[in-house]
Amino acid sequence: MKFKLILFVLGRKLVKKAKKDAEFKKKISEKNCTVQIKTADNSKGRYYTFNNGEVISTKGISANPTVSLVWKDAATGASILTTKDNAKRMEALKDGSLKLEGDGATALWFTDIAKHAK
């Protein structure tokens, strides 16, 4: 439940920031893409579609995302997504708790966007 809630709140923040902050909207206008965050077993996930400066956040799993951030399980994803320690996120990539599927440049772009939304 906590993993789903974190993803939902992130979506709400992205949508709200895009509507209220012209500079943020300009930044997200740079890419038209779909970013997905999910568990490895596909049981939990959410995807964020960026299109011409608009953000749509949808629960579930997208069939053709630009990039997927795939967490080993919901508990691992929730604990690392809520930490402020960037080293833990990097370690998750190294130890396989987090895998990237798709365009790595879009994953980096999304990470930057998510930081600005908070």
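You'll find the structure just up there.
As the structure is a computational prediction, the values presented were derived from the model and not from experiment. (Residues numbered from 1 in each chain as written. Predicted model: local features only at pLDDT ≥ 70, side-chain atom pairs only at ≥ 80, totals over all residues. Heavy atoms only, no water.)

Caption draft 1: Main features of the nonpolar core. Counting 29 residues, the largest nonpolar core has Leu14, Ile28, Ile37, Tyr48, Phe50 and Phe110 as the members making the most contacts within it. Secondary structure elements with two or more residues in this core: helix H1 (2–20), helix H2 (22–28), strand S1 (33–39), strand S2 (45–51), strand S4 (67–71), helix H3 (74–81) and helix H5 (104–117). The element contributing the most residues to this core is H1, with seven residues. In contact with Phe110, other than residues within four places in its own chain, are Leu10, Leu14, Val35, Ile37, Tyr48 and Phe50. (Core = buried A, V, L, I, M, F, W, Y, C linked by side-chain atoms within 4.5 Å. Buried < 20%, exposed > 50% of the residue type's maximum accessible area, 1.4 Å probe, protein only. Helix = DSSP H or I, 4+ residues; strand = E, 2+ residues; numbered from the N terminus. Contact = heavy atoms within 4.5 Å.)

Caption draft 2: Representation of the layout of surface pockets in the model. By volume, the largest pocket is sized at about 770 Å³. Residue assignment for the lining of the largest pocket shows that the elements contributing at least two residues are H1, S4, helix H4 (86–95), strand S5 (98–102) and H5. Residue contributions to the lining of the largest pocket peak at seven residues, all from H5. Within the lining of the largest pocket, the residues separate by chemical class into 17 nonpolar, five polar and five charged. (1 Å grid on protein atoms, 1.4 Å probe; cavity = no way out; pocket = protein on both sides within 12 Å on 5 of 7 lines; lining within 4 Å. Points joined across faces, edges and corners; volume = space filled by probe spheres on them. Nonpolar A, V, L, I, M, F, W, Y, C, P; charged D, E, K, R; others polar.)

Caption draft 3: The arrangement of the sheet that holds S1 in detail. Taken in spatial order, the five strands line up as S3-S2-S1-S4-S5 in an open sheet, and their pairing is mixed. Among the strands making up the open sheet, the edge pair consists of strand S3 (54–59) and S5. When strand polarity is set aside, the average angle formed by the axes of neighbouring strands in this sheet is 15°. Of the pairings in the sheet, the one linking S2 to S3 comprises six bridges and is antiparallel in character. Within S3, the position partnered with Thr49 by the bridge is Ile56. (Pairing = 2+ DSSP bridges. Axes fitted to C-alpha atoms, helices over the stretch in contact; angles between N-to-C directions.)

Caption draft 4: Region of the structure containing a nonpolar patch on the surface. Together, Leu5, Phe8 and Val9 make up an exposed nonpolar region whose accessible area comes to about 250 Å². For Leu5, a relative accessible area of 49% corresponds to the partly exposed category. (Patch = residues over 30% accessible without salt bridge, like charges linked within 9 Å, V, L, I, M, F, W, Y side chains within 5 Å. Areas by Shrake-Rupley, 256 points an atom, 1.4 Å probe, with all protein chains shown as cover. Salt bridge = Lys/Arg side-chain N within 4 Å of Asp/Glu carboxyl O.)

Caption draft 5: Spatial organisation of the side chain of Lys38. Assignment of secondary structure puts Lys38 in strand S1. At 4.3 Å, Glu101 is the nearest oppositely charged side chain to Lys38, a buried residue that forms no salt bridge. Engagement of the side chain of Lys38 in a polar contact is seen with the side chain of Asn42, the distance being 2.8 Å. Setting aside anything within four residues of it in sequence, one finds Lys38 in contact with Phe3, Lys44, Gly45, Ile61, Ser68, Leu69, Val70, Trp71 and Glu101. (Lys, Arg positive; Asp, Glu negative; His and termini not counted. Polar contact = N/O pair within 3.5 Å; in protein donor to acceptor, adjacent residues only side chain to side chain.)

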